[in-house]
Amino acid sequence: MKRWYVVQAKPGRERLAEGNLLRQGYSAYLPRLKSVRRKAGRRIVAAVALFPGYLFVELDLDRQAWRSVNGTYGAVGLVAFGGRPAPLPAGVVPGIRAREGADGLVEEDCAGRCRPGDRVAIADGPLAEADALFQAADGRNRVVVLMRLLGRDVPVRLAGERIRAAS
């Protein structure tokens, strides 16, 4: 029976490991998300690994030569316990794939997952990196957050993708 397993990749080599696993005939999946950051005053958008250093491979341990995954260029090996690869709980990979947008990237805005009172950070724009409290989502990919401005809490309406969970 095929199950999904976790493959640890060498640092920064997730895409290389994914490509090599696919070339070997394995079903591999590297979930990516859109990362927006500033560098030298410019806004840079890039697709980065959702789980840096890890990707997924679908295997049937009884019918496939799974040990060759451990020798794949770019990969460290399968995450295993007691010498046997540890399967992911059913539904993890389909759940991640369900959150992918049309561009194939995982939607990482917290608008659908945040609850009133959760701490969030503004991801970009003039208020980038400012802390706020999530108040509500309006269902049109817009959110209302409370920001401390000029000594009082002010409601601010933003696009849902402009906030992220505070770290």
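Residues numbered from 1 in each chain as written. Predicted model: local features only at pLDDT ≥ 70, side-chain atom pairs only at ≥ 80, totals over all residues. Heavy atoms only, no water.

Looking at the pattern of salt bridges
Reasoning step 1: Scanning the entire structure with this criterion turns up four salt bridges.
Reasoning step 2: In this structure, E18 and R32 form a salt bridge, with 2.7 Å as the shortest nitrogen-oxygen distance. Taken together, the positions of E18 in helix α1 (residues 14–23) and R32 in strand β3 (residues 32–39) put the pair 14 residues apart, joining distant regions of the chain.
Reasoning step 3: Assessed through its relative accessible area of 12%, E18 is described here as buried.
Reasoning step 4: Notably, a salt bridge pairs D153 with R148, separated by 3.5 Å at the nearest N-O pair. (Salt bridge = Lys/Arg side-chain N within 4 Å of Asp/Glu carboxyl O. Helix = DSSP H or I, 4+ residues; strand = E, 2+ residues; numbered from the N terminus. Buried < 20%, exposed > 50% of the residue type's maximum accessible area, 1.4 Å probe, protein only.)

Here we look at the packing of aromatic side chains
Reasoning step 1: The full count for this structure, using the stated rule, is two aromatic pairs.
Reasoning step 2: Where Y29 meets F56, the ring centres are 6.3 Å apart and the plane angle is 20 degrees; that geometry is what we call stacked. With a gap of 27 residues between them, Y29 in strand β2 (residues 27–29) and F56 in strand β5 (residues 54–59) connect regions that are remote in the sequence.
Reasoning step 3: Residue class for F56 comes out buried when judged on its relative accessible area of 5%.
Reasoning step 4: Seen in terms of ring centroids, F51 and F56 are 6.0 Å apart; in terms of plane orientation they differ by 80 degrees. Their pairing is edge-to-face.
Reasoning step 5: Clustering of aromatic rings is evident, with ring pairs tying together Y29, F51 and F56. (Phe/Tyr/Trp six-rings, centres within 6.5 Å; stacked < 30°, edge-to-face > 60°.)

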